[in-house]
Amino acid sequence: MERLKKMVRYSYDNVPMYRKRMDEAGVSPDCIRNLEDYTKVPFTVKDDLRDHYPYGILAVPIEQVTRIHASSGTTGKPTVVSYTRTDIHTWTRLMARTFAAGGINSSDIMQIALGYGLFTGGLGFHYGAELLGCTVLPTATGNTKRQLMMAKDMGCTVLSATPSYAAFIAEAAVKEGYDPHKDFKFRIGMFGAEPWSDEARLRIEAALGLRAHDVYGMSELYGPGVAVECVHQDGLHIWSDEFLVEVIDTDTGEVLPEGSHGELVFTMLTREAMPLLRYRTRDLATVKYEECQCGRYHPRIMRVKGRSDDMLIIGGVNVFPSQVETVLMKMEGVGDQYQIVVDRDILDKLHLKVEVDERLYNSPDYDPAAFTKLLGEELTAIMTIRVRIELMEPGSLPRTEGKAKRVIDLRKE
Ligand code: DLL
């Protein structure tokens, strides 16, 4: 509460947008005495940042800004985020803590196969790993053959990537003749920046012989390092000394009781350059407040399975791409890649392109018609939607080095 009150006052005094909004809503910083009072403060949304392009909602003069990152949206101007020197220090400490919670220590050699640049992944991980004392190998994304060679030669013990790039690295390793369990020393994976299912996690863990941790964050909230799974992998601990979390109903904006599923809303408690009060993320999840087996009391996000913007409505049923993934990744014979194609048919049935696993594809028993039928039955049983499945040759769908594009909307192309 102490930090929160200070932050509301700071935002009101230094960001004209907040002053105007709070004045209009009839809330003054002095009337925030508890969390309930705080719900009177209006939400902040992504469009607020876009509307204040290029410098966002700066609370400090530009001379005090040390760094700028940006996330590219699908349309229009990017969302630009700014950091003071103190903000960079805070973020770096949070990243070091994120790694420590995952079981990483100063004797680890971390390969960072994430984009470096305007994307917050590469530099965010890099600074945190250095602070923790790891040996850092900033391979960034791309040139997968060289990634593999260096992973082996340098004896890397931690792999940081998006989960889809990690799956691609595992696949490429086998293709290049490596035996990941013998040739690599990876023991921990730090993966995030996109939704991934528990089933995809099991596949990556088995393929690379490591324990895979989910890391959550977003550019607006510094970047990665908002929340992470500890060694028990039972929900992602939110660093609640820096981020206040609320869960709201996406349609009504009402704050939901503990344990409800809804949209995550964050308030940054010490951000200097670009304070965010009640920032609506569009990410959907449940938050748990009980103490974890690891002893931490930081509330846990029970994994982000999707964004409210990603929801598809098929035959009147709400479907998230991650639900489709959960069904697919459980099934033997399905490869790691799939795509949901959105076209005129979408209102009525789901059009799904699914890669067949190399082993099944080359097996004499492979019967595409029977396999299509089986997949259709599984999906329909679990999600009560109609599906059109197109089986694809192994290696035929695009691989990604960053965030996977699982939904292809033909109506927009
Ligand atoms: O993706 C920051 C990041 C980098 C996080 C590296 C973790 C690792 P943005 O590009 O701004 O920032 O995208 C943020 O990605 O609102 C979520 O929808 C999604 N996202 C991020 N992490 C996860 C995750 C980075 N672990 C947006 N699970 C967020 C599910 C995630 N979705």
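Residues numbered from 1 in each chain as written. Predicted model: local features only at pLDDT ≥ 70, side-chain atom pairs only at ≥ 80, totals over all residues. Heavy atoms only, no water.

So, the site of the ligand
The full set close to the ligand counts 20 residues, and Asp-214, Val-215, Ser-219, Asp-283 and Lys-403 are the nearest of them. Glu-194 has a polar backbone atom sitting 3.3 Å from a nitrogen atom of the ligand. With respect to the ligand, the side chain of Lys-403 contributes an N or O atom lying 2.9 Å from an oxygen atom. The fraction of the free accessible surface of the ligand (610 Å²) that becomes covered by protein chains is 93%. Of all elements in the fold, only helix H6 (120-132) and strand S7 (211-218) reach the threshold of two or more residues within the shell around the ligand. At 5 residues, the largest contribution of residues to the shell around the ligand is made by S7. Classifying every residue of the shell around the ligand by side-chain character gives 9 nonpolar, 6 polar and 5 charged. (Near = heavy atom within 4 Å. Polar contact = N/O pair within 3.5 Å; in protein donor to acceptor, adjacent residues only side chain to side chain. Areas by Shrake-Rupley, 256 points an atom, 1.4 Å probe, with all protein chains shown as cover. Helix = DSSP H or I, 4+ residues; strand = E, 2+ residues; numbered from the N terminus. Nonpolar A, V, L, I, M, F, W, Y, C, P; charged D, E, K, R; others polar.)

A look at the sheet that holds strand S17 (residues 334-342)
With respect to topology, 4 strands assemble into an open sheet ordered S19-S18-S17-S20, the strand pairing being mixed. The open sheet has two free edges, formed respectively by strand S19 (387-392) and strand S20 (407-409), since each of these has just one partner strand. The mean angle between the axes of side-by-side strands here comes to 25 degrees, regardless of whether they run parallel or antiparallel. Of the strand pairs in this sheet, strand S18 (residues 350-356) and S19 are connected by 6 bridges, and their pairing is parallel. Paired with Leu-350 across the strands is Val-387, a residue of S19. Running at roughly 135 degrees to S19, helix H13 (residues 368-383) makes contact with S17, S18 and S19 of the sheet. (Pairing = 2+ DSSP bridges. Axes fitted to C-alpha atoms, helices over the stretch in contact; angles between N-to-C directions. Contact = heavy atoms within 4.5 Å.)

As for the environment of Ile-389
Along the chain, Ile-389 falls in strand S19. Residue classification places Ile-389 among the buried positions, given a relative accessible area of 15%. Counting along the chain gives 35 residues from Ile-389 to Val-354, while the straight-line C-alpha distance between them is 7.1 Å. Every residue in contact with Ile-389, bar those within four places of it in the chain, is listed here: Leu-352, Val-354, Thr-372, Leu-375, Gly-376 and Leu-379. (Buried < 20%, exposed > 50% of the residue type's maximum accessible area, 1.4 Å probe, protein only.)

Here's the deal with the nonpolar core
Proteins that are soluble and globular tend to have nonpolar side chains buried together. Core analysis: the largest hydrophobic core is formed by 61 residues, its most contacted members being Tyr-216, Phe-243, Leu-264, Phe-266 and Ile-301. In terms of residue count, the dominant contributor to this core is helix H5 (residues 85-101) (6 residues). (Core = buried A, V, L, I, M, F, W, Y, C linked by side-chain atoms within 4.5 Å.)

Brief notes about the domain arrangement of the protein chain
Entries for the protein chain in the domain assignment read domain 1 (85-307) and domain 2 (311-412). Centre-to-centre separation of domain 1 and domain 2, based on C-alpha positions: 26 Å. The interface is formed by 21 residues belonging to domain 1 together with 19 residues belonging to domain 2. Contact with domain 2 buries surface across domain 1, with Ser-164, Glu-199 and Arg-203 losing the most and accounting together for 33% of the total. Taken together, domain 1 and domain 2 are joined by 2 salt bridges. The tally of links from domain 1 across to domain 2 stands at 13 residue pairs in polar contact (both at pLDDT 80 or more). Elements supplying a minimum of two residues to the side of domain 1 that touches domain 2: helix H8 (163-175), helix H10 (198-208) and strand S14 (306-307). Per-element tally for the side of domain 1 that touches domain 2: the top contributor is H8, with 5 residues. Split into classes, the residues belonging to the side of domain 1 that touches domain 2 amount to 8 nonpolar, 7 polar and 6 charged. (Domains from an automatic or database assignment. Buried area = accessible area lost by both parts, 1.4 Å probe. Salt bridge = Lys/Arg side-chain N within 4 Å of Asp/Glu carboxyl O.)

Observations regarding H8
With 13 residues, H8 ought to run about 18 Å at 1.5 Å a step, and its terminal C-alpha atoms sit 19 Å apart, in line with that. For H8, a buried count of 10 out of 13 residues is recorded, marking the element as mostly surrounded by other parts of the structure. When we look at burial in H8, the residues that qualify are Pro-163, Ser-164, Tyr-165, Ala-166, Ala-167, Phe-168, Ile-169, Ala-170, Ala-172 and Ala-173. The inward-facing, buried residues of H8 abut helix H7 (144-154), strand S5 (158-161), helix H9 (180-183), strand S6 (188-192), H10 and S17. (Expected span 1.5 Å × (residues − 1).)

Details of the pattern of salt bridges
All chains considered together, the criterion is met by 29 salt bridges. A salt bridge links Lys-40 to Asp-37; the nearest nitrogen and oxygen atoms lie 3.6 Å apart. Lys-40 sits in the partly exposed class, given a relative accessible area of 48%. For Asp-37, a relative accessible area of 8% puts it in the buried group. A salt bridge links Asp-108 to Arg-187; the shortest N-O distance between them is 2.8 Å. You can see Asp-108 sitting in the loop between H5 and strand S3 (109-112) and its partner Arg-187 sitting in the loop between H9 and S6, a full 79 residues away along the chain. Using a relative accessible area of 2% as the deciding quantity, one classes Asp-108 as buried.

Brief notes about H13
The periodicity of an α-helix, 3.6 residues per turn, causes residues three or four positions apart to be oriented the same way. Here H13 spans 22 Å end to end across 16 residues, near enough to the 22 Å set by a 1.5 Å rise per residue. Taken as a whole, H13 has its buried residues at Phe-371, Leu-375, Gly-376, Leu-379 and Met-383. Along H13, the residues classed as buried sweep out an arc of 135 degrees about the axis, all on the same side. In H13, the exposed residues that point more than 90 degrees away from the buried face are Ala-369, Lys-373 and Ala-381. In this structure, the buried side of H13 is in contact with strand S16 (317-319), helix H11 (321-330), S17, S18, helix H12 (358-361) and S19. Downstream of H13 by a residue or two, Thr-384 has a phi angle that is positive, lying close to 45 degrees. (Arc of directions from axis to C-beta.)

What to know about the pairing of S18
Along S18, 6 of the 7 residues are buried, which leaves the element largely enclosed by surrounding structure. Pairing between S17 and S18: 5 bridges, direction antiparallel. Across the sheet, residue Val-334 finds its bridge partner in S18, namely Val-356.

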